[in-house]
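Per-entry structural report
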Amino acid sequence: MAHIPAATLGNKNKKHFLGVPAPLGYVAGVGRGATGFTTRSDIGPARDANDVSDDRHAPPAAKRKKKEEEEEDDEDLNDSNYDEFSGYSGSLFSKDPYDKDDAEADAIYESIDKRMDEKRKEYREKRLKEDLERYRQERPKIQQQFSDLKRNLIAVSEEEWANLPEVGDSRNKKQRNPRAEKFTPLPDSVLSRSLGGESGTAIDGRSGLASMIPGVATPGMLTPSGDLDLRKIGQARNTLMNVKLSQVSDSVAGQTVVDPKGYLTDLQSMIPTYGGDINDIKKARMLLKSVRETNPYHPPAWIASARLEEVTGKLQMARNLIMRGCEQNPQSEDLWLEAARLQPPDTAKGVIAQAARRIPTSVRIWIKAADLETEPKAKRRVFRKALEHIPNSVRLWKAAVEMENPEDAKILLSRAVECCGTSVELWLALARLETYENARKVLNKAREKIPTDRQIWTTAAKLEEANGNNHMVEKIIDRALSSLSANGVEINRDQWLQEAIEAEKSGAIKCCQAIVRAVIATGIDEEDRKQTWIDDAENCAKEGAYECARAVYGYALSEFPSKKSIWLRAAYFEKNHGTRESLETLLQKAVAHCPQSEVLWLMGAKSKWLAGDVPAARGILSLAFQANPNSEDIWLAAVKLESENAEYERARRLLAKARASAPTPRVMMKSAKLEWALNNLDEALSLLEDAVKVFPEFAKLWMMKGQIEEQKQLLERAAESYNAGLKRCPNSIPLWLLLAALEEKRNLLTKARSVLERGRLKNPKNALLWLAAIRIEIRAGMKDMANTLMARALQDCPTAGELWAESIFLEARPQRKTKSVDALKKCEHDPHVLLAVSKLFWSERKLQKCRDWFNRTIKIDPDFGDAWANFYKFELQHGTEQQQQELIERCNAAEPKHGEEWCKVSKNIANWCFKTEDVLKAVVRHIPTPI
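Thresholds applied
Residues numbered from 1 in each chain as written. Predicted model: local features only at pLDDT ≥ 70, side-chain atom pairs only at ≥ 80, totals over all residues. Heavy atoms only, no water. Patch = residues over 30% accessible without salt bridge, like charges linked within 9 Å, V, L, I, M, F, W, Y side chains within 5 Å. Areas by Shrake-Rupley, 256 points an atom, 1.4 Å probe, with all protein chains shown as cover. Salt bridge = Lys/Arg side-chain N within 4 Å of Asp/Glu carboxyl O. Lys, Arg positive; Asp, Glu negative; His and termini not counted. Charge placed at Lys NZ, Arg CZ, Asp CG, Glu CD. Helix = DSSP H or I, 4+ residues; strand = E, 2+ residues; numbered from the N terminus. Buried < 20%, exposed > 50% of the residue type's maximum accessible area, 1.4 Å probe, protein only. Core = buried A, V, L, I, M, F, W, Y, C linked by side-chain atoms within 4.5 Å. Contact = heavy atoms within 4.5 Å. 1 Å grid on protein atoms, 1.4 Å probe; cavity = no way out; pocket = protein on both sides within 12 Å on 5 of 7 lines; lining within 4 Å. Points joined across faces, edges and corners; volume = space filled by probe spheres on them. pLDDT = per-residue confidence, 0-100. Axes fitted to C-alpha atoms, helices over the stretch in contact; angles between N-to-C directions. Parallel < 35°, antiparallel > 145°, perpendicular 65-115°, else oblique. Left-handed = near helix turned anticlockwise from the far one by under 90°. Nonpolar A, V, L, I, M, F, W, Y, C, P; charged D, E, K, R; others polar. Polar contact = N/O pair within 3.5 Å; in protein donor to acceptor, adjacent residues only side chain to side chain. Expected span 1.5 Å × (residues − 1). Phe/Tyr/Trp six-rings, centres within 6.5 Å; stacked < 30°, edge-to-face > 60°. Lys NZ or Arg CZ within 6 Å of the ring centre and 35° of its normal.

Below, the discussion takes up a positive patch on the surface. Together, Lys 575, Lys 606, Lys 640, Lys 670, Lys 673, Lys 700, Lys 897 and Lys 907 make up a positively charged patch on the protein surface. Here Lys 907 shows up in the loop between α49 (900-906) and α50 (916-926). With a relative accessible area of 61%, Lys 907 lands in the exposed category.

Right, here's the structure in full:
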């Protein structure tokens, strides 16, 4: 046998797969069940993540769970859950993680579903309602089936209802039947009252009440005698209660621990009054206790603790705490005062006495001690004891002086100023109580002690004035200023002026005037003097210090005698706050210094005329003519004076002289107006024709000419006059309005509209022309056209109050309030809008609001006559006679001149002699009540 080498034998036994790469997906040992595992020394999994799972060694519960999940997946994805339109009803991706994109997609789908659902929601709800109604009709409820029978129960009486039987419950029948036999316990008080007689008393078993039925025994209560004496039971009960209370009432040193009579009353005081959380109280109590223990010498901690207990109703604990605090801090006056407050009055006196011994220099403790006393004598004794310990306390001296009569007060004050020499109040109080001579001495001593106080000097000046030494007042004030300056006191001008105002209010007129003259020029630059003094005078007038204001004006006029503006302000001040004599005296001085000022002459003449002194008024005007020979205002004032006093011939002569010496447009107009008022129409037309040739640009001449021709029914000539005037004065709004009114009067509405359209082209953004056009349409019955024009007008003139006021009442009643709010936003302070709002409240019968808004209107524009007229008509309907008279006086003082309805009356030539009150009453008759 041939020898075979060992290498060859080895190759022959080698497996063919050794050294060959493993096939895809091969895992060693899987075939025989030997899967990989992890030990503590290994890192990472023993098997690859892509290995085939093997559940053979898994626990039975895990196998069962996995099987259920697979069955659920099969159920979700089987054919029974599939729909051709919707797909699978289950989620194909329920095992995948839910991220942001999924949330966003779900939100989008949800919004789409919601939108699709809203489209058919109304239809679905309607259909559901119809189905429900149909179902209810087919299958009605039990209560609906018996509704007709329920209605018949109205006829059932109360007795029949009570006798209705109920199955298995006989007790309810007895309860419903008020006549059933019942027993009611009775209070002892009622029984004791009924047992006052000698007859026997028993309780009726049927009624439960004690009845005076002789010989009837009380059922259920057997006694040896057969009756029960209830009086003896009550007496026995009271005796037992007294014994118990006597046992509790233990007398200790003569004091009763328990008061039997006040026992229940005291129980009421134990009810806590604090309504907060009990836990908060406990926390606060613990915190305050910690503060007290940490720093027992901190008085606020003790006070806070006591007040906490007081709030929670534990007053005795609060008193104990505060007294412990006083022991720890005997020098704290706050603690002692709090302790006195918490104690009852009798105990409080002892506490405050102890406090006064501990802190004898505390003013507050002595004041509290005096307050605790009820008798004046005891109070005086406390104050005097206090002053022995604290002689330099001004507060104690003042309190002590207030308790005394004048003579004793004088003695006390004499001692007080020795102890408190720097107290101005004590010195002044002493000076008021002394006689004139002694008061002077007191004030002199006060000046020596306190050389830096101005009140002592002003009091000295008032003292001299009160005793008739007026010549000394100014000297004292001058010395005061020099002395205070020498002692380094700054002279504050405002403080001294305030001192002057106070002096006037106390009745010291000479003193206040002397102070004003002394300090008015202090600390003012040369160029600011005039305006500063005018401001000072106005401020004094606002505070009601008219003498101070008069003194300021007097000093200013002495420095600026030729300043017309100061004379005018002073004259208006005297007119409003002075007398007629003071005004005339001032005006005489004014015209002497400013003879060229026509206003001052005219004010003087008017003052005389209003006083009824016509010759004196003529004399003033004649002097004015000499100072101002060709003054138009003086000529016209003279004419008015004569015409108002029915001296028409003298007025004509004056006007003729004026036309000859000073031919001005106003003189020509007044000449024609006088003839027109006297019904000399031809003479007036002649004067106007001459005037328009000389003064063609003066629009009022053309207006008067056209109005006189209208009065004479010469309508064509009037239209020619208006047109001629408009050629010369195209910017005169009244001329355009007069021409449009004339065309409307001639029933030429188209022409009237054309005139106003031309006027708006010549004068753009003019509210009055728009308003006239709107009213023409309203009068013509074309409200739609009026509303269109109003809209255009408000676009052209968005802040015109006249248009907004008209637009409010153009609206229907429900929309007026909204329109008024819009108007107030655009024109908050326009008198026309405020008047419209007032009338709106009037129409709604909101009387107080209406009155407030009328007052606002006339305050914003007192010259607006329409507001006064409407307000007066309102007061005639809803006010008192006093309110009506007060309104007339206010209107006369304001002298209104403007307003559409006001001017219709005041400018009417037939009313040329009307005073303000006459015009007011005439306007009231014409204006309608708002609806």
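In terms of nonpolar packing, the biggest core is built from 129 residues, with Ile 365, Leu 396, Trp 496, Val 516, Cys 548 and Leu 600 touching the most fellow members. Apart from residues lying up to four places away in sequence, Leu 396 is in contact with Val 363, Trp 366, Ile 367, Phe 383, Ala 386, Leu 387 and Ile 390.

Let's shift gears to unusual backbone geometry. Although it is not a glycine, Asn 679 adopts a positive phi angle of roughly 70°. The class of Asn 679 is exposed, set by a relative accessible area of 55%. Unusually for a residue other than glycine, Glu 895 sits at a positive phi of about 50°. For Glu 895, the position within the fold is in the loop between α48 (881-894) and α49. For Glu 895, a relative accessible area of 33% gives the class partly exposed.

As a further point, take the layout of surface pockets. Space inside the second largest pocket adds up to approximately 320 Å³. Around the second largest pocket sit 16 residues that line it, and Arg 550, Gly 554, Glu 574, Leu 586 and Lys 589 are the ones nearest its centre. Breaking the lining of the second largest pocket down by element, the ones donating at least two residues are α26 (509-519), α28 (546-559), α29 (564-577) and α30 (580-593). For the lining of the second largest pocket, the element with the highest residue contribution is α28, accounting for six residues.

Structurally, the position occupied by Thr 857 is in helix α46 (residues 847-860). Ignoring any residue separated from it by four or fewer positions in sequence, one finds Thr 857 in contact with Pro 831, Leu 834, Leu 835, Ser 838, Phe 864 and Ala 867.

Attention now moves to the confidence of the model for the protein chain. Across the protein chain, pLDDT averages 78, with 80% of residues at or above 70. Residue range residues 195-226 is modelled with pLDDT below 50. Its contacts to residues more than four positions away, or to other chains, number 44 contacts. In this model, residues 266-271 is a region of pLDDT below 50 whose contacts with residues beyond four sequence positions or in other chains number zero contacts.

Right, let's talk about the pattern of salt bridges for a bit. For the structure on display, the rule yields 40 salt bridges. The salt bridge involving Arg 529 is made with Glu 526; its shortest N-O contact spans 2.8 Å. Owing to a relative accessible area of 55%, Glu 526 belongs among the exposed residues under this scheme. Glu 547 is paired through a salt bridge with Arg 550; the nearest N and O atoms lie 3.0 Å apart. Here Arg 550 and Glu 547 lie together in helix α28, a separation of three residues that amounts to about one turn. Residue class for Arg 550 comes out partly exposed when judged on its relative accessible area of 25%.

Contact geometry of helix α24 (residues 470-486) with α26 gives a least axis separation of 9 Å together with a crossing angle of 40°. One finds that α24 runs oblique with respect to α26. For the crossing formed where α24 meets α26, the hand is right-handed. Across the interface between the two elements, Asn 470, Val 473, Glu 474, Ile 477, Asp 478 and Leu 481 of α24 pack against Lys 510, Cys 511, Ala 514, Ile 515, Arg 517, Ala 518 and Val 519 of α26. The residue inventory of the contact of α24 with α26, partitioned by class, reads eight nonpolar, one polar and four charged.

What follows concerns the side chain of Glu 499. Along the chain, the position of Glu 499 falls in helix α25 (residues 493-505). Residue classification places Glu 499 among the buried residues on the basis of a relative accessible area of 12%. A distance of 3.5 Å separates polar atoms of two side chains, one belonging to Glu 499 and the other to Thr 458. Beyond its immediate stretch of four places on either side in the chain, Glu 499 contacts Arg 454, Gln 455, Thr 458 and Ile 515.

Further remarks concern a nonpolar patch on the surface. A cluster of nonpolar residues, Ile 108, Tyr 109, Ile 112 and Met 116, forms a patch on the protein surface that exposes about 430 Å² of accessible area. Its location among the elements puts Ile 112 in helix α3 (residues 100-119). Judged by its relative accessible area of 43%, Ile 112 is partly exposed.

On to α25. When the terminal C-alpha atoms of α25 are compared, their 19 Å separation across 13 residues agrees well with the 18 Å that a helix rising 1.5 Å per residue should span. Burial in α25 covers these residues: Arg 493, Trp 496, Leu 497, Glu 499, Ala 500, Ile 501, Ala 503 and Glu 504. The secondary structure elements touched by the buried residues of α25 are α23 (454-466), α24, α26, α27 (529-542) and α28. The N-cap residue of α25 is Asn 492: its side-chain oxygen and the backbone nitrogen of Asp 494 are 3.1 Å apart.

Moving on, we get to the packing of aromatic side chains. Taken as a whole, this structure holds nine aromatic pairs when the rule is applied. Measuring from ring centre to ring centre gives 5.1 Å for Phe 854 and Phe 871, while their planes differ by 15°; the resulting arrangement is stacked. Placement of the pair is Phe 854 in helix α46 and Phe 871 in helix α47 (residues 865-878), with a sequence separation of 17 residues. The buried category is assigned to Phe 854, whose relative accessible area is 0%. Classification of Phe 871 by relative accessible area gives buried; the value is 2%. When the ring of Phe 854 is compared with that of Phe 874, the centres are 5.8 Å apart and the planes differ by 45°; the resulting orientation is tilted. In this pair, Phe 854 is assigned in helix α46 and Phe 874 in helix α47, connecting sequence segments 20 residues apart. Clustering of aromatic rings is evident, with ring pairs tying together Trp 842, Phe 854, Phe 871 and Phe 874. For the cation-ring pair, Lys 839 lies above Phe 809, with the distance from its terminal atom to the ring centre recorded as 5.7 Å.

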